[in-house]
Amino acid sequence: MINDQEFLHGAAFLRLINSGESITILHASEIHPSVYLVEGSGKKSAILFKVSKKPTSAWSFTLSNTEELTFDKVHYEYPGFSVFLAFVCHKDGICCIALERLRTILEKDAVMNGQHISVSRRAHGSYHISGPGRQRLEQTVPQNDWPRVVISK
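Quick caveat: nothing in here was measured; it's all calculated off a predicted structure. (Residues numbered from 1 in each chain as written. Predicted model: local features only at pLDDT ≥ 70, side-chain atom pairs only at ≥ 80, totals over all residues. Heavy atoms only, no water.)

Participant: What exactly am I supposed to notice about the pairing of strand E8 (residues 127-130) here?
Facilitator: Successive side chains on a regular strand alternate, one facing one side of the sheet and the next facing the other. Where strand E7 (residues 116-121) meets E8, four bridges bridge the pair, whose relative direction is antiparallel. Within E8, the residue paired with Ser120 across the bridge is His128. Between E7 and E8, which pair antiparallel one after the other, the connecting turn spans five residues, and His124 there sits at a positive phi close to 65°. (Pairing = 2+ DSSP bridges. Helix = DSSP H or I, 4+ residues; strand = E, 2+ residues; numbered from the N terminus.)

Participant: Before we go on, may I ask you to explain unusual backbone geometry in this structure?
Facilitator: For the bond running from Ser57 to Ala58, omega is 0°, close enough to zero to count as cis. With respect to the helices and strands, Ala58 occurs in the loop between strand E3 (43-52) and strand E4 (59-62). Cis geometry is found at the peptide bond from Trp146 to Pro147, where omega equals 5°. Relative to the assigned elements, Pro147 resides in the loop between E8 and helix H4 (148-151). Of note in the backbone geometry, His90 takes a positive phi value of approximately 45° without being a glycine. Mapped onto the fold, His90 is located in the loop between strand E5 (82-89) and strand E6 (93-98).

Participant: Teacher, can you tell me more about the sheet that holds E5 here?
Facilitator: With mixed pairing, five strands are arranged side by side in an open sheet as E1-E2-E3-E5-E6. Where the open sheet ends on each side, the last strands, each with one partner, are strand E1 (23-27) and E6. If you compare each strand with its neighbour and ignore which way they point, the axes differ by 25° on average. Bridge count between E3 and E5: eight bridges; the pairing is parallel. Each residue of the ladder has a partner; that of Lys50, found in E5, is Phe87. Across the sheet, helix H1 (residues 4-17) touches E1, strand E2 (35-40), E3, E5 and E6, and the angle it forms with E3 is around 150°. (Axes fitted to C-alpha atoms, helices over the stretch in contact; angles between N-to-C directions. Contact = heavy atoms within 4.5 Å.)

No statement about biological role is implied by the geometric values presented.
Written out as structure tokens, the structure reads:
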């Protein structure tokens, strides 16, 4: 039986595969069960998928200590790779953001463990990302950013 996480990861991969770019995908399961390495068009990306099964906006995600360690391992083992978080917002779409950009709304000098991220989107709009204390990301993330953001220079 296919579980919800596999189903939603599969939808994200289908968009990635159908992007028209020649890519390679490697599951970095030794680092984390939801980390994948993608290479295409001269760009190397490490993507951590987080899934919300909530059917409507706003989608909630909580970062864990495991994920913070995962980012450290990716930077150590794959130094040439850009790191992204792909927030899979149930059947709505994938809100993908570079880790460096996400860090701008996280609590400064705090561990990532327990920090809450909220992703919302109005009909026909872009994704809005908020962090702890409702700190909002300055720019929205277009719904059609995925998968372009991880494979285009």
